[in-house]
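Single-letter residue listing:
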Amino acid sequence: MNPADSLVCWKCGATLKDVPMPLSRLSECLACRAELHVCLQCRFYDPRKPEGCTEERADPPKDKQRANFCDYFEPRASAFRPRDTSAISKAQEELKRLFGKS
Ligand SMILES: [Zn+2]
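Residues numbered from 1 in each chain as written. Predicted model: local features only at pLDDT ≥ 70, side-chain atom pairs only at ≥ 80, totals over all residues. Heavy atoms only, no water.

A. Focus on empty space enclosed by the protein. Tallied over the entire structure, the rule returns one cavity of 30 Å³ or more. Considering only enclosed or pocket space, the largest cavity measures out at about 90 Å³ in volume. Lining the largest cavity are 13 residues, and of these Cys-39, Cys-42, Phe-44, Cys-53 and Cys-70 lie nearest its centre. For the lining of the largest cavity, the per-class residue count stands at 11 nonpolar, two polar and no charged. (1 Å grid on protein atoms, 1.4 Å probe; cavity = no way out; pocket = protein on both sides within 12 Å on 5 of 7 lines; lining within 4 Å. Points joined across faces, edges and corners; volume = space filled by probe spheres on them. Nonpolar A, V, L, I, M, F, W, Y, C, P; charged D, E, K, R; others polar.)

In structure tokens form, the structure reads like this:
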């Protein structure tokens, strides 16, 4: 199986299997036109790091959503992160509690 088949857009979650590989700085999502050669699509991206990158030799751009020239870029499967649903369900729990439903 082509590894690109499992890649999805970091922004909208659409499959990238129809996007020419390897991703280049000009690559964009066919569904939402998001630029794909970006930190948020990269396996080295880590928001917990000060630079947002686990590749120490890289010089990560400040803007994690803009196409970059990074030589260390490697697309990551499951780059798409739906909004944090735990916060939502927590709020729903709280509402239920307030209104006395369980
Ligand atoms: Zn997209």
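B. Region of interest: the pattern of salt bridges. Scanning the entire structure with this criterion turns up seven salt bridges. Here Glu-35 makes a salt bridge to Arg-66, at a shortest N to O gap of 3.3 Å. Placement of Glu-35 in the segment before α1 (85–98) and of Arg-66 in the segment before α1 is noted, with a sequence separation of 31 residues between them. Relative accessible area serves as the criterion here: at 25%, Glu-35 is assigned to the partly exposed category. Its salt-bridge partner being Glu-55, residue Arg-57 comes within 2.8 Å of it at the nearest N-O pair. (Salt bridge = Lys/Arg side-chain N within 4 Å of Asp/Glu carboxyl O. Helix = DSSP H or I, 4+ residues; strand = E, 2+ residues; numbered from the N terminus. Buried < 20%, exposed > 50% of the residue type's maximum accessible area, 1.4 Å probe, protein only.)

C. Expanded view of the coordination of the zinc ion. Protein coordination at the zinc ion: the donors are Cys-9 (SG), Cys-12 (SG), Cys-29 (SG) and Cys-32 (SG), at 2.3 to 2.4 Å from the metal. For the zinc ion, the four donor atoms are set out with angles of 108 to 112° between them, so the coordination reads as tetrahedral. (Donors = N, O, S within 2.8 Å, 3.2 Å for Na, K, Ca; no water. Tetrahedral: all angles 85-135°; square planar, octahedral: opposite > 155°, others 65-115°.)

D. A nonpolar patch on the surface, seen in detail. A cluster of nonpolar side chains, namely Leu-95, Leu-98 and Phe-99, defines an oily patch on the protein surface of about 360 Å² accessible area. Take Phe-99: it is sitting in the segment after α1. Of the residues examined, Phe-99 reaches a relative accessible area of 62% and is grouped as exposed. (Patch = residues over 30% accessible without salt bridge, like charges linked within 9 Å, V, L, I, M, F, W, Y side chains within 5 Å. Areas by Shrake-Rupley, 256 points an atom, 1.4 Å probe, with all protein chains shown as cover.)

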